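Residue-level listing of the chains:
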Amino acid sequence: MQLLDTTRLSAGFWPDVRVLHQGWQLLGSEPGQFASPDELPADAGWLSAPGLGPVADVLQQLNLWSLDGAPRRFDAQDWWYRLSFDLEEPLDALGHVLHLDGLATLADVWLNGTLILSSSDMFMAHQCAVDEALRAGRNELVMVFRSLDAALGKRRPRPRWRAPMIENQQLRWFRTTVLGRTPGWSPPAAVVGPWRGVWLSARPAVELKALQMQAQVSGPGGRLGLSCQLHAGREGAALERVTAIVSRQGRQWQRDAAVSADGLCQIEVELDEVDLWWPHTHGEAALYQVSLHVACSGQAEPVVLSLGETGFRTIELDRSDDGFALHVNGVPVFCRGACWTPLDAVRLDARHDADYDQAIAQVRQAGMNMLRVGGTMSYEADAFYNACDRQGVLVWQELMFANMDYPDDPAFVAQAQEEVRQQCQRWQGRPAIAVLCGNSEVEQQAAMFGATRDRWAPALFHEVLAAICQECRPDVPYWPSSAHGGAFPHQGDVGTTSYYGVGAYMRSLDDARRAQVRFATECLAFSNAPESDGLAAMPGGLSLRMHHPAWKARAPRDLGAGWDFEDVRDHYVAQLFDVDPARLRYSDHDRYLALGRVAVGEVMAATFAEWRRASSACQGAMIWFLRDLWPGAGWGVVDSQGQAKAPYFYLKRTLQPISIAMTDEGGNGLFMHACNETGRPLKTTLEVTAWRHGSTQVGQGTQVLELPARSAQSWPLMNWFEWFADWSWSYRFGPVTAQVLVAVLRDEDGRDLARTHSFPGGLNLPLERDLGLSASARCVEPGVFDVSLSSTRFAQAVHWEVDGARPDDAYFHLSPGEVRTVRVHLVGAGRQVSALSGCVRALNMDGVVSIRMESDALS
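How each quantity is defined
Residues numbered from 1 in each chain as written. Predicted model: local features only at pLDDT ≥ 70, side-chain atom pairs only at ≥ 80, totals over all residues. Heavy atoms only, no water. Helix = DSSP H or I, 4+ residues; strand = E, 2+ residues; numbered from the N terminus. Rg over C-alpha atoms; globule rule 2.2 N^0.38 Å. Buried < 20%, exposed > 50% of the residue type's maximum accessible area, 1.4 Å probe, protein only. Contact = heavy atoms within 4.5 Å. Areas by Shrake-Rupley, 256 points an atom, 1.4 Å probe, with all protein chains shown as cover. Lys, Arg positive; Asp, Glu negative; His and termini not counted. Charge placed at Lys NZ, Arg CZ, Asp CG, Glu CD. Pairing = 2+ DSSP bridges. Axes fitted to C-alpha atoms, helices over the stretch in contact; angles between N-to-C directions. Parallel < 35°, antiparallel > 145°, perpendicular 65-115°, else oblique. Left-handed = near helix turned anticlockwise from the far one by under 90°. Nonpolar A, V, L, I, M, F, W, Y, C, P; charged D, E, K, R; others polar. pLDDT = per-residue confidence, 0-100. Patch = residues over 30% accessible without salt bridge, like charges linked within 9 Å, V, L, I, M, F, W, Y side chains within 5 Å. Salt bridge = Lys/Arg side-chain N within 4 Å of Asp/Glu carboxyl O. Expected span 1.5 Å × (residues − 1). Arc of directions from axis to C-beta. 1 Å grid on protein atoms, 1.4 Å probe; cavity = no way out; pocket = protein on both sides within 12 Å on 5 of 7 lines; lining within 4 Å. Points joined across faces, edges and corners; volume = space filled by probe spheres on them. Polar contact = N/O pair within 3.5 Å; in protein donor to acceptor, adjacent residues only side chain to side chain. Phe/Tyr/Trp six-rings, centres within 6.5 Å; stacked < 30°, edge-to-face > 60°. Lys NZ or Arg CZ within 6 Å of the ring centre and 35° of its normal.

Time to look at the overall build of the chain. Scanning the chain from N- to C-terminus turns up 14 helices and 47 strands. Taking 2.2 N^0.38 as the reference for a compact globule, 859 residues should give roughly 29 Å; the C-alpha atoms of the chain span a radius of gyration of 29 Å, in line with that estimate. Based on the C-alpha atoms only, the size of the chain along its principal axes is roughly 90 × 65 × 65 Å. Counting over 859 residues, the chain shows a buried share of 60%. Summarising the internal contacts of the chain: among those between residues at least 6 apart in sequence, 69% fall at separations of at least 24. Total accessible area on the chain stands at roughly 32900 Å², and carbon and sulfur atoms take up 47% of it. Side chains of the chain carry 76 positive and 101 negative charges; the gap between the two charge centres is 3 Å.

Printed below as a string of structure tokens:
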């Protein structure tokens, strides 16, 4: 059987598509028990699958396995899938293709008893010509996924260094994800089986292979270069002419080209002017639709091949002064965001494309403009890249290699090359892809575990795969490893690093400046407690406590370490609030969780404020995990159900394109910092108010500021006061001058653009019985409410206790007399209600305040 090349094109390119999703049966067997479908039992032991998916997903839907139940080694068995399907006569004259978009991992496929495919790379998609095996009437498709444990048991050369997070070091020989195989930080649900679609189609009238698409900016205009192989599907047909059409918002550009005798077609479309694609923090993510119209002999109408969307932008890597900075369209961009995780840890891909749109919208709302798809994960679905392209979110894309000492075996290298070429086909023309990176932490792992310097830079990543990436995406910078540069790979002030000085290594907050981080591909890992809805989804529900084994089983940790990331969080709780976390947990578990949530939020906000200063050398940072892989106090700033945790809201206020921050510069006092990343200058007013004892105003300064486009600026706060005040409490000649300083940036119309706070005496404000806090809600539509909050005294970290609530803001501070309105959406059963039931809390208030419904319940 002929194995066809894959392209970046979707199922929409192929005619007469039949998705083979329903009707499958599943059978587990001992490794090697059955060699072929002929030996399988006819009926005994087969399970009827509710739909096609990995073994764990099928068993989960059948209620035969759960993440909350006993762990199961899916790698320990062989797993068989079979499907019977009918085809009507006559079969298509052009022939048929069976598409297998992802098989994890050691797979054989038979159609009607004929072996049509053997695959050992879960990341490869396959297209098999099946004309010889397919028949009219009843057909049987059988797939087996062999035991990875059995394959790992075979003797192979030992690695030159160990990767402690990986349970079996020989996993390095197999092209599969480490997710589900890394105890301590991923759920025990190894992906085994078909994890992407299986479908049958007719062969197209025109086949497109080896696509290369590059959008180039040229002055005010642009050029779209296209190169591909085209072949007529019908015998004797000739390809007469190809027209490339580029369009946007009613405008259209096109160019004709001929096809050479061997099917090569090269076209360059000139555009007189183009709207540039920008990350959303800096402008519009302008996209253009691209298609090929192929005229064939014997056909009245041309065949239309949609190539999707592309964007015109330039991306340059600035390595000056040993740094790492990305310039988009000639503008330096501070890249901030998080490390992406699959939306479904069991099946990897989300069930619906809209799930990606919603997840990327949440990223965008937080002010994040980059996501890192790390080598510990999997190559994402096309819907993910579509959402990033359309919503203006850059992608740091790694090849799926992580930490391990990968073989230089020729067969392994050839397989890796084929895999990367195929992925590069999928990424053609995508403007969001900003960096292609060879691996996650391979160099760092080698260095930290004793390998000699000559082994830190394997040729696989520095030469072999680098050449493929540069050939296929010459417009995208290539970087060999996520931590790379300096005297050792993870040196923070050179190149890129995994920065955990603030975080896992428990250094003080000023280490974020002292380390002179240039670009952190991962950072700020903490065990982040979810909100009540997230806690309720854990085994044991809301009654579960942090010390319980069921809770601890989901607390992230490095395999073999004597600590976990809850210890890291507790360290900063003690530092910021001057309390003993263990004693507090003993006496008041809820307050212990509340302080932990706020402490992580404050640490993340302070660190990013440090890195965004005008004089900072840092040009980017990715938080380790955007989203949890399963319910629990994981690394994510969003829980596994998509609900934002406390740190998310702190980041949302800190990472916006227009933002302000205050830093304590010791004897030099407090400094103000402002960023305006937009393409327009801003005329603003900055007001700073100092409060003592919760409601006494002890100072106020106002300054008109001109913020140029694409700028970051800093000023000493004392510039705006006519007398000296020790606002930072650095000199300590007496009691703290003010417990809280509040800075508000407003536009010319008086609308708030940004806020920030400083707590010179520390975050541990005294608990008060009554802050004068009130909350009233107005129903906008069923399940959607505007809640107005105000307080007569300073209210710290105001947050919600409302079942099913998804507020636009939380853990915010309220100044005395301030009124703030927050939009709250309800999910689940709450979508249809017209009255909001629940309460709000403040960190410095002993008690809760009920939310009152206004009389005009529905506007």
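To continue, consider the sheet that holds strand 32 (residues 658–664). Ordered in space as 32-33-36, the three strands form an open sheet in which the pairing is antiparallel. The open sheet has two free edges, formed respectively by strand 32 and strand 36 (711–716), since each of these has just one partner strand. The mean inter-strand angle of the sheet, taken between neighbouring strand axes irrespective of direction, is 20°.

The subject of this paragraph is the packing of helix 13 (residues 589–611) against helix 14 (residues 646–654). At a minimum axis separation of 8 Å, helix 13 and helix 14 run at an interaxial angle of 25°. With respect to each other, helix 13 and helix 14 are oriented roughly parallel. Seen from above, helix 13 lies across helix 14 with right-handed handedness. Residue-level inspection shows R597, V598, V600, G601, E602, M604, A605, F608 and A609 of helix 13 in contact with helix 14, the latter providing A646, P647, Y650, L651 and T654. Among the residues making up the contact of helix 13 with helix 14, the classes are represented as 10 nonpolar, two polar and two charged.

Glancing now at the sheet that holds strand 5 (residues 78–87). In space, the six strands of this open sheet follow the order 4-3-5-11-8-9, with antiparallel pairing throughout. Every interior strand has two partners, whereas the edge strands, strand 4 (47–48) and strand 9 (114–119), have only one. Both strand 8 (residues 107–111) and strand 11 (residues 137–145) contribute to a ladder of five bridges, which runs antiparallel. Across the sheet, residue W110 finds its bridge partner in strand 11, namely V142.

A word on the environment of A661. Along the chain, the position of A661 falls in strand 32. Each C-alpha atom of the pair A661 and H673 lies 5.1 Å from the other, and the pair is 12 residues apart in sequence. Each residue touching A661, except ones within four places of it in the same chain, is listed here: A609, F671, M672, H673 and T756.

This part is about the confidence of the model for the chain. When pLDDT is averaged along the chain, the result is 94, and 98% of the positions lie at 70 or above. Ignoring residues within four places in sequence, the model shows residues 1–11, a span with pLDDT below 50, making 42 contacts including any to other chains.

Let's shift gears to a nonpolar patch on the surface. A cluster of nonpolar residues, M448, F449 and Y505, forms a patch on the protein surface that exposes about 330 Å² of accessible area. Assignment of secondary structure puts Y505 in the loop between strand 29 (497–499) and helix 8 (511–514).

With that settled, consider helix 3 (residues 353–365). Helix length check: helix 3 (13 residues) gives 19 Å between terminal C-alpha atoms against 18 Å at 1.5 Å per residue, within 8%. Within helix 3 the residues assigned to the buried category are Y356, A359, I360, Q362 and V363. Looking straight down helix 3, one finds its buried side chains confined to an arc of 150°; they lie on one side. Against strand 25 (370–373), helix 4 (382–391) and helix 14 lie the buried residues of helix 3. Just downstream of helix 3 lies G367, where phi reads positive at about 80°.

A complete count under the given rule lists 56 salt bridges for this structure. The salt bridge involving R569 is made with E566; its shortest N-O contact spans 3.3 Å. Of this pair, R569 and E566 are both found in helix 11 (residues 565–577), three residues apart, which corresponds to roughly one turn of the helix. Taking relative accessible area as the criterion, R569 reaches 3% and is therefore assigned buried. For E566, a relative accessible area of 0% gives the class buried. The network of salt bridges with common partners includes R653, E687, R746, D752, R755, D809, E818 and R820.

What follows deals with empty space enclosed by the protein. In this approach, a probe sized like a water molecule rolls over the atoms, and the result shows the empty space that is left. For the structure on display, the rule yields five cavities of 30 Å³ or more. Each pocket or cavity is described by its volume, and for the largest cavity that value is around 110 Å³. Lining the largest cavity we find 15 residues, and of these W185, R554, W630, G634 and W635 sit closest to its centre. If you add up the space inside the second largest cavity, you get close to 60 Å³. Around the second largest cavity, the lining residues are A609, R612, R613, T654, S659, I660, A661, H673 and C675. Where the lining of the second largest cavity is concerned, the elements lending two or more residues are strand 32 and strand 33 (670–676).

With 11 bridges connecting them, strand 14 (residues 206–218) and strand 15 (residues 221–232) associate as antiparallel partners. By the bridge assignment for strand 15, L208 is matched with L230. Linking strand 14 back to strand 15 in an antiparallel pair, the connection comprises two residues, with G219 at a positive phi of about 60°.

Another point: the side chain of E677. With respect to the helices and strands, E677 occurs in the loop between strand 33 and strand 34 (682–692). For E677, a relative accessible area of 8% gives the class buried. A polar contact is formed between the side chain of E677 and the side chain of R336, at a distance of 2.7 Å. At a separation of 3.3 Å, a polar atom in the side chain of E677 contacts the side chain of R612.

Quick look at the packing of aromatic side chains now. In this structure the tally under the stated criterion is 39 aromatic pairs. Ring centres 6.4 Å apart and planes at 85° place the aromatic pair Y500 and Y505 in the edge-to-face group. Take Y500: its relative accessible area is 10%, and that puts it in the buried class. On the basis of an interplanar angle of 80° and a centroid distance of 5.7 Å, the ring pair of F721 and W723 is categorised as edge-to-face. Overall, F721 belongs to the buried group, its relative accessible area being 6%. These aromatic residues form a ring-pair network of at least three members: F123, W340, Y379, F384, Y385 and W427. Between R653 and the ring centre of Y650, over which it is positioned, the NZ or CZ distance is 5.1 Å. Taking the ring centre of W278 as reference, the NZ or CZ of R710 above it sits at 4.6 Å.

All right, on to the pairing of strand 8 then. Among the five residues in strand 8, five count as buried, and that is most of the element. Residues A107, V109 and L111 of strand 8 are buried on one face, and the alternating residues D108 and W110, pointing to the opposite face, are buried as well. Taken together, the five bridges between strand 8 and strand 9 define a ladder with antiparallel strand orientation. Bridge pairing in strand 9 links L111 to T114. Between strand 8 and strand 9, which follow one another and run antiparallel, lie two residues, and N112 among them has a positive phi close to 50°.

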